[in-house]
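Topology and contacts: notes
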Protein chains: 2
Amino acid sequence: MKTFDEITQLITTELEQINWSKEPTGLYEPIGYVLSLGGKRIRPALTLMACNIFSDHVEQAVDTALGLEIFHNFTLLHDDIMDRADVRRGQPTVHKKWNDNTAILSGDVMQIAAYQFIARTPADHLKKVLDLFSQTAEEICQGQQYDVDFEKRDAVSADEYLEMIRLKTAVLLACALKTGAWIGGAGEEDAQNLYDFGINIGLAFQLKDDLLDVFGNEATFGKKIGGDILCNKKTYLLIHALELAVGNEASELQNWLKISDAGLADNKIKSVTTLYNKLGVKAICEDKMEFFYTKAIANLDNVRVAENKKQELRNLAEKLMHRND
Amino acid sequence: MKTFDEITQLITTELEQINWSKEPTGLYEPIGYVLSLGGKRIRPALTLMACNIFSDHVEQAVDTALGLEIFHNFTLLHDDIMDRADVRRGQPTVHKKWNDNTAILSGDVMQIAAYQFIARTPADHLKKVLDLFSQTAEEICQGQQYDVDFEKRDAVSADEYLEMIRLKTAVLLACALKTGAWIGGAGEEDAQNLYDFGINIGLAFQLKDDLLDVFGNEATFGKKIGGDILCNKKTYLLIHALELAVGNEASELQNWLKISDAGLADNKIKSVTTLYNKLGVKAICEDKMEFFYTKAIANLDNVRVAENKKQELRNLAEKLMHRND
């Protein structure tokens, strides 16, 4: 069994070996740039870890894993255009460093590159991996569309929000695990339990993100605390705050939502955070996160292999829930 | 053997049966819209015609053919954002009718949909069709990048231009033919000859487009004559005009290239067209078009099947060369 660190090291090495120094440079340079910015490489790690549960030969799942990581970075690239985000992992985004057209076209060719890596999945598993990957990719686009739609809507329910983050975030983690399991030789039931583990960990992971954005430590979080509050992002916290606030608290919250004055940014973050604490939405979000985390662990328990085979995944899930960044 | 008309009718019917009335509507409506705008459906027709040369069962190639048509329309959708084109086939483009973000994301999901249709290629042929499709898709992005790069460069050679249109236009026609041939059961040599036929017809087709844009009949061409001249597009005609013009003609051409005043549009088109005639670049372009057309016909001659099997493709090639729109 390989440790999580050994697996991420393997992925980093393999990712660095892909040659993006091709012509026309305007097309490929941004891809090399985006992939050089780093990231946790969680998705390809999940593929190799799931494979490793059933097989010692994780190398047979490497190309599929790289395809998923390239696809994930493609979605960030195009999402950053749509969100007009200027910074990603502390560096300028592609549409900022180059321009929108470059970001669109380089993203398009990244999506093709993702499929080219997926196509190198061992022949026995290719068709079902390809179909799950396409379904997942489509779901991620649906999630992004709901995310965009929700920003324009007045009311979004907690269930709608959870379905959106299931599509936008959780399905790719689930897909990464299931494809790895398949390639490793897992049976359908184990592969499906790992898929479900991925969905539940993904939902918990995103709720953790919502919490960190408000209650995280700026030094370790890596980006500015309160970003979601400033842009009125309808997170699990805000959705519940809007539902629970009455009287003065409701009008105070509504007033802050109308304020986009940069000079009042710190005040807005502080006041909305205080409201969140008064309304108890932090605890609601933490409870829901724990709910999904518990479900995820139950899914993992149901995978019928020796306990030691699952230890690395269990550790990773635990680490993702207690991370500060 | 099915006629070209029977084949395009089949494709139109199959395309219309795809359900794009799905949630979220903001994601899928633009796809249904783009595909409803029509077009000649040349690419899927080539797939089915090539299949039909070797097999009576063209239905086995329908999903692959639809995938290629969806991919082609995806490239138009994203190219229109990059070119800031407001009109396509007489109707507003997606980024104009909706907005840029919608056009980006709907395009992304169209590319995935294209792969979903390609994935339904009969299992025996899936891997090689998938690989050729991805290679072709990547080449089309390269062609688009060169097209963008060339607009910013002072000098572009005729050979560079031909390589750009090979990538941007010809490879998809070639891919459509080769995949159809494979699915129909063709041997590798026949499939390759049909690929080469596609490349050469594609090059001739694009040169014909360049000619029609200047010398076409506005009533039948469907868009305004002289569009390429107005935006200084480095077509085969302009590249040769820039090479051949000396003295007064050179300075006159350079002057017109600097003029973008809308009030002088008709004068610019008329004057540059007159220069093209004086410099003989129309004949140069027509000769090159004939050169590729002749090569294409030789490729088709080399396909080792009965002559009557190739008649529909021969007729189509002939029609594409003598079209007025």
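Quick caveat: nothing in here was measured; it's all calculated off a predicted structure.

Overview of the overall build of chain A
If you tally the helices and strands in chain A, you get 16 helices and 2 strands. The C-alpha atoms of chain A give a radius of gyration of 20 Å, which matches the 20 Å a tight globule of 325 residues would have. Here the contacts in chain A between residues at least 6 apart in sequence split such that 74% fall between residues at least 24 apart.

Describing the relation of the copies chain B and chain A
Placing chain B over chain A gives an RMSD of 0.0 Å and needs a rotation angle of 180°, together with 0.0 Å of translation along the axis. Seen this way, the second copy is the image of the first under a two-fold rotation axis. Same-surface contact between copies: 100% of interface residues of chain B are shared with the interface of chain A.

Here we look at the domain arrangement of chain A
Residue and element names in this part refer to chain A. Domain boundaries in chain A define domain 1 (1–186) and domain 2 (198–325). Each of domain 1 and domain 2 has a C-alpha centre, and the two are 23 Å apart. Every contact between the two is made by 20 residues of domain 1 and, on the other side, 18 residues of domain 2. Those elements that provide at least two residues to the side of domain 1 that touches domain 2 are helix H3 (42–54), helix H7 (123–152) and helix H8 (158–184). Here the side of domain 1 that touches domain 2 gets 11 residues from one element, more than from any other, and that element is H8. For the side of domain 1 that touches domain 2, the residue count by class is 16 nonpolar, 2 polar and 2 charged.

So, the packing of helix H8 (residues 158–184) of chain B against helix H9 (residues 188–215) of chain B
Residues and elements named next belong to chain B. Viewed as axis vectors pointing N to C, H8 and H9 meet at an angle of 145°, and their least axial separation amounts to 7 Å. Read as a crossing pair, H8 and H9 show a hand that is right-handed. Here H8 contributes Leu162, Ile165, Arg166, Thr169, Ala170, Leu173, Ala174, Ala176, Leu177, Lys178, Ala181 and Trp182 to the contact with H9, which in turn contributes Asp190, Ala191, Leu194, Tyr195, Phe197, Gly198, Ile199, Ile201, Gly202, Leu203, Phe205 and Gln206. The residue inventory of the contact of H8 with H9, partitioned by class, reads 17 nonpolar, 4 polar and 3 charged.

Here's the deal with helix H2 (residues 25–36) of chain A
Taking 1.5 Å as the rise per residue, H2 of chain A with 12 residues should run 16 Å; its terminal C-alpha atoms sit 16 Å apart, in good agreement. Against the buried residues of H2 of chain A lie helix H4 (62–82), helix H5 (94–97) and helix H6 (100–118) of chain A together with helix H7 (123–152) of chain B. Of the residues flanking the end of H2 of chain A, it is Gly38 of chain A, one or two places downstream, whose phi is positive at about 90°.

Comments concerning the interface of chain B and chain A
Counting from both sides, the interface comprises 31 residues of chain B and, opposite them, 31 residues of chain A. Among the elements of the structure, helix H2 (25–36), helix H4 (62–82), helix H6 (100–118) and H7 of chain B are those that each provide at least two residues to the side of chain B that touches chain A. Sorting elements by how many residues they give to the side of chain B that touches chain A places H7 of chain B first, with 15 residues. Here the residues of the side of chain B that touches chain A are counted per class, giving 17 nonpolar, 9 polar and 5 charged.

Topic: the confidence of the model for chain A
Summing up the model confidence of chain A, the mean pLDDT is 96 and the portion of residues at 70 or higher is 99%. Note on the complex model: pTM 0.96, ipTM 0.96.

Digging into unusual backbone geometry
The omega angle of the peptide bond from Glu23 of chain A to Pro24 of chain A is -5°, so this bond is cis rather than trans. Its location among the elements puts Pro24 of chain A in the loop between helix H1 (4–16) and H2. Its identity as a non-glycine residue notwithstanding, Asn232 of chain A has a phi of 55°, on the positive side. Tracing the chain through its elements places Asn232 of chain A in the loop between helix H11 (227–230) and helix H12 (236–244). Classification of Asn232 of chain A by C-beta neighbours within 10 Å gives partly exposed; the count is 16. Even without a glycine there, the phi angle at Arg84 of chain B is positive, about 50°. As for its placement among the helices and strands, Arg84 of chain B is situated in the loop between H4 and strand E1 (87–88).

Notes on H7 of chain B
Between its first and last C-alpha atoms H7 of chain B spans 44 Å; for 30 residues at 1.5 Å apiece the expected length is 44 Å, and the two agree. Roughly 25° is the biggest bend found in H7 of chain B, and it falls at Val129 of chain B.

Comments concerning the environment of Gly26 of chain B
Residue position: Gly26 of chain B is located in helix H2. The class for Gly26 of chain B is partly exposed, based on 18 C-beta atoms found within 10 Å. Contacts of Gly26 of chain B, omitting those with residues within four sequence positions, involve Gln145 and Asp149 of chain A together with Thr102 of chain B.

Section: the packing of H6 of chain A against H4 of chain B
Look at H6 of chain A against H4 of chain B: their axes get within 9 Å of each other, and the N-to-C directions meet at 160°. Here H6 of chain A is positioned roughly antiparallel relative to H4 of chain B, judged by the angle of their axes. Handedness of the H6 of chain A/H4 of chain B crossing: left-handed. Seen from H6 of chain A, the contacting residues are Asn101, Ile104, Leu105 and Asp108 of chain A; seen from H4 of chain B, they are His78, Ile81 and Met82 of chain B.

About the cut-offs
Residues numbered from 1 in each chain as written. Chains lettered and ligands numbered in written order. Predicted model: local features only at pLDDT ≥ 70, side-chain atom pairs only at ≥ 80, totals over all residues. Helix = DSSP H or I, 4+ residues; strand = E, 2+ residues; numbered from the N terminus. Rg over C-alpha atoms; globule rule 2.2 N^0.38 Å. Contact = placed C-beta atoms within 7 Å. Least-squares fit on C-alpha atoms with pLDDT ≥ 70 in both. Domains from an automatic or database assignment. Nonpolar A, V, L, I, M, F, W, Y, C, P; charged D, E, K, R; others polar. Axes fitted to C-alpha atoms, helices over the stretch in contact; angles between N-to-C directions. Left-handed = near helix turned anticlockwise from the far one by under 90°. Expected span 1.5 Å × (residues − 1). pLDDT = per-residue confidence, 0-100. Buried ≥ 20, exposed ≤ 12 C-beta atoms within 10 Å, placed from the backbone. Bend = angle between axes of the 7 residues up to and from the residue. Parallel < 35°, antiparallel > 145°, perpendicular 65-115°, else oblique.

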